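# Commentary on secondary and tertiary structure
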Amino acid sequence: MIETPSPSQNKPVTTEQTPLELIVVGAGFAGLYALYRAQASGRSALAFERGGDVGGTWYWNRYPGARCDVQSMEYSYSFDEDLQQSWDWSERYAAQPEILKYANHVSDRFALRDRIQFNTSVIGLRYLAEHQVWRVETSNNDMYFARFCIMATGCLSSTNLPDFEGRDSFAGEAYHTGQWPHEPVNFKNKRVGIIGTGSSSIQSIPIIARECKHLTVFQRTANYSIPAHNGPIDEAYAQSIKADYQSFRALNRQMFAAFGAHSSRWEESVFDLDETARDEKFEARWSEGGLGFSSSFSDTGSDLKANQIAAEFVRNKIRATVKDPIVAEQLCPDQVIGCKRVCVDTDYYATYNLPHVKLVSVKDNPIERITPQGLVVGDQEFEFDVLIFATGFDAMTGTLLKINIEGRDGITLTEKWADGPKTYLGLCIQGFPNLFTVSGPGSPSVLSNMIVTIEQHINWIMDCLDAMAERSANSIEATIDAESNWVHSGNEIAAGTLFPTCNSWYLGANVPGKPRIFMPYVGGFPNYVAVCQEVADNDYPGFSFG
Ligand code: N01
């Protein structure tokens, strides 16, 4: 028997015989809600958080301009009426500091912080079948035991730092957008280079450009970006939602991605309209801004020809904004719109009209190496004071696979997922009893409003624990057939969409050697919820209890 070291308030002594009910890995929005539900139902729980405080993705991603692409009134918890009534957002799209403040507010309001060990990573999880408990090993060399593990580890929590030759030789300041320092970075009079043109880069480029002496953007794949039209929140609008917040939430839960119920979208095909009428509608949707533009007609998200019309509308907007026609063409994406995550921006394309901002395409001529002074592309060397890696994440599986997770019969998650992630409902993994993933592979996760999906997952897990208690079950595990069917049907749905047509991080294509599987469930949030509900209502088919 291994005992944990001396007890303190959030350092309980646990053993195989006296385990905690729940270990939660991560204290972002998923971990916080899991702790809240555990506390509310009288379950003993402890969370481990790698960061120094709560907030998860909003704790780490402090780069200039970081803000949420889902509107503030939708990107928040719905579980507590007083909470949603009393919290006031200041902007249509909340910026990172405000979202982090909200996460802190929730932690304080529901006294969750006492149950979190910060600056602590879970490095190992091992299922002890004879005791039906998980042994949890942390980076502090502590050991805990728990009946259940909730992996609230986030989808975009392991940064992707490409292995450029000489990467660590750069002598200036180097940052990754996903691990931004807590102190503001001073760009004044500095020459800045930024690699990547995904959401993080597209948000930060206009802000950095305002301050620095010179900015060079290295673009491998041009991205579609839709204007946010951000601004102070319309108070009357916020109040009208608060007057019946539950109905607003319910409406959004019926949406494919669990948000955007109030945004314009049309039932008709883009081909039902003549060019003028069609463009008027695109124009109206562009003026509204934000995510969802690419699926504003019934077929622009699903039919290649319809999609090309939407894509060309955006390309024409880029051409109309960027004065240098060569730069404009370089900024025009050629992939399916919506295949890679569409970005939302403030002044992104217009920033390239500034004389001190330069775009360098590395599509055909990749970054060759990083030097102490900067980087080399072909026969050109660029010199910088600051180099920013906006190169994204080892998404959805990266963080889970960094933890040494050993399930029943000694099988590790790395072995199990060698050919790509496999889950049942995006919640459970065969061979790994009593371990739940939140917004992991097989869940609508990154294709949905994350907070809505998180609440749904945690509610389902907590109901499942209640159902287990009722039947006096000690363990639950997905069956191999249920898992295979879920993976198979997920792949089939994805194959029928436009998503597999480009190299996106949804497919794992951004990380060399990562198996190419479309990871999120693409059947839409409402369908997903219906399946999960059916499983719970019918005594959990696809699971075995022990
Ligand atoms: O990362 P990304 P991100 N050489 O993977 C390039 C969410 N998010 O941090 O496309 C040169 O999208 C890479 O090029 P390519 C959102 O879901 C949300 O920006 O692979 N370039 C790409 O341009 C988003 O999708 C919000 O060819 C290289 C860039 O780096 C997700 O996070 C805000 C390269 C990475 O883009 C990730 O966004 C921010 C190389 N070797 C993020 N390797 C909001 O809600 C990679 N790249 C607001």
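Please read these numbers as outputs of a predicted model, since none were measured by experiment. (Residues numbered from 1 in each chain as written. Predicted model: local features only at pLDDT ≥ 70, side-chain atom pairs only at ≥ 80, totals over all residues. Heavy atoms only, no water.)

What follows concerns the overall build of the chain. For the chain, the helix and strand inventory stands at 15 helices and 21 strands. In terms of C-alpha radius of gyration, the chain reaches 24 Å, essentially the compact-globule figure of 24 Å for 546 residues. Burial analysis of the chain (546 residues in total) assigns 57% to the buried set. Summed over all atoms, the accessible surface of the chain reaches about 22,000 Å², with 49% contributed by carbon and sulfur. On the chain, the mean spot of the 45 positive side-chain charges and the mean spot of the 66 negative ones are 4 Å from each other. (Helix = DSSP H or I, 4+ residues; strand = E, 2+ residues; numbered from the N terminus. Rg over C-alpha atoms; globule rule 2.2 N^0.38 Å. Buried < 20%, exposed > 50% of the residue type's maximum accessible area, 1.4 Å probe, protein only. Areas by Shrake-Rupley, 256 points an atom, 1.4 Å probe, with all protein chains shown as cover. Lys, Arg positive; Asp, Glu negative; His and termini not counted. Charge placed at Lys NZ, Arg CZ, Asp CG, Glu CD.)

Moving on, we get to the packing of helix H8 (residues 275-288) against helix H9 (residues 304-321). It is at 11 Å that the axes of H8 and H9 come closest, and there the two elements cross at 65°. Seen along the crossing, H8 lies across H9 with a hand that is right-handed. Between H8 and H9, the residues in contact are Arg278, Asp279, Phe282, Glu283 and Trp286 and Ile309, Ala310, Phe313, Val314 and Lys317, respectively. Taken together, the residues that form the contact of H8 with H9 break down as six nonpolar, no polar and four charged. (Axes fitted to C-alpha atoms, helices over the stretch in contact; angles between N-to-C directions. Left-handed = near helix turned anticlockwise from the far one by under 90°. Contact = heavy atoms within 4.5 Å. Nonpolar A, V, L, I, M, F, W, Y, C, P; charged D, E, K, R; others polar.)

Moving on, we come to the site of the ligand. Taken together, 23 residues sit near the ligand, with Arg67, Ser200, Arg220, Thr221 and Lys340 positioned nearest. Between Ser199 and the ligand, the recorded distance is 3.0 Å, taken from a backbone N or O atom to an oxygen atom. Contacts to the ligand include Trp505, whose side-chain N or O atom sits 3.0 Å from an oxygen atom. If the ligand stood free it would expose 910 Å²; the protein chains cover 88% of that surface. Element by element, the count of residues in the shell around the ligand is highest for helix H5 (residues 199-211), at three residues. Of the residues that make up the shell around the ligand, three or more belong to each of domain 1 (7-158 + 395-539) and domain 2 (159-224 + 338-392). (Near = heavy atom within 4 Å. Polar contact = N/O pair within 3.5 Å; in protein donor to acceptor, adjacent residues only side chain to side chain. Domains from an automatic or database assignment.)

Here the focus is the sheet that holds strand S16 (residues 386-389). In spatial order, the strands read S7-S16-S8-S9-S12; together these five strands make up an open sheet with parallel pairing. The strands lining the two open edges of the sheet, one partner per strand, are strand S7 (173-176) and strand S12 (357-361). Across this sheet, the average inter-strand angle for adjacent strands is 15°, counted without regard to direction. Two elements, strand S8 (residues 191-195) and strand S9 (residues 214-219), share five bridges in a ladder whose sense is parallel. Bridged to Ile194 within S9 is Val217. (Pairing = 2+ DSSP bridges.)

For helix H13 (residues 450-470), spanning 21 residues, the distance from its first C-alpha to its last is 30 Å, which sits close to the expected 30 Å at 1.5 Å a residue. Most of H13 sits inside the fold, with 16 of its 21 residues counted as buried. (Expected span 1.5 Å × (residues − 1).)

The next point concerns the side chain of His457. Within the element layout of this structure, His457 appears in helix H13. Residue contacts for His457: discarding those within four places in its chain leaves Leu427, Thr437, Val438, Ser439, Ser443, Pro444 and Tyr528.

Our next topic: the sheet that holds strand S14 (residues 374-377). Taken in spatial order, the three strands make up an open sheet running S13-S14-S15, and their pairing is antiparallel. The open sheet has two free edges, formed respectively by strand S13 (367-370) and strand S15 (380-383), since each of these has just one partner strand. Taken over all neighbouring pairs, the strand axes of this sheet differ in orientation by 25° on average, direction set aside. Across four bridges, S14 lies against S15 in antiparallel orientation. Among the inter-strand pairings, Val377 is bridged to a residue of S15, identified as Gln380.

Here we come to helix H4 (residues 96-109). An ideal rise of 1.5 Å per residue puts 20 Å on 14 residues; H4 measures up with 20 Å between its terminal C-alpha atoms. All of the buried residues along H4 are Gln96, Glu98, Ile99, Leu100, Tyr102, Ala103, Asn104, Val106 and Ser107. Among the structural elements, helix H1 (29-40), helix H2 (57-60) and helix H3 (81-86) are those in contact with the buried residues of H4. Looking at the residues trailing H4, positive phi occurs at Ala111, about 50°.

Under the domain assignment, the chain is made up of domain 1 (7-158 + 395-539) and domain 2 (159-224 + 338-392). Each of domain 1 and domain 2 has a C-alpha centre, and the two are 31 Å apart. Each partner contributes residues to the interface: domain 1 has 21 residues there, and domain 2 has 20 residues. Considering only the side of domain 1, the residues that lose the most area to domain 2 are Tyr63, Pro64 and Asp69, jointly responsible for 34% of the buried surface there. Where Arg341 meets Asp69, a salt bridge forms, and the shortest distance between an N and an O atom there is 2.7 Å. Our enumeration of links across domain 1 and domain 2 arrives at seven residue pairs in polar contact (both at pLDDT 80 or more). When its residues are assigned to classes, the side of domain 1 that touches domain 2 shows ten nonpolar, eight polar and three charged. (Buried area = accessible area lost by both parts, 1.4 Å probe. Salt bridge = Lys/Arg side-chain N within 4 Å of Asp/Glu carboxyl O.)

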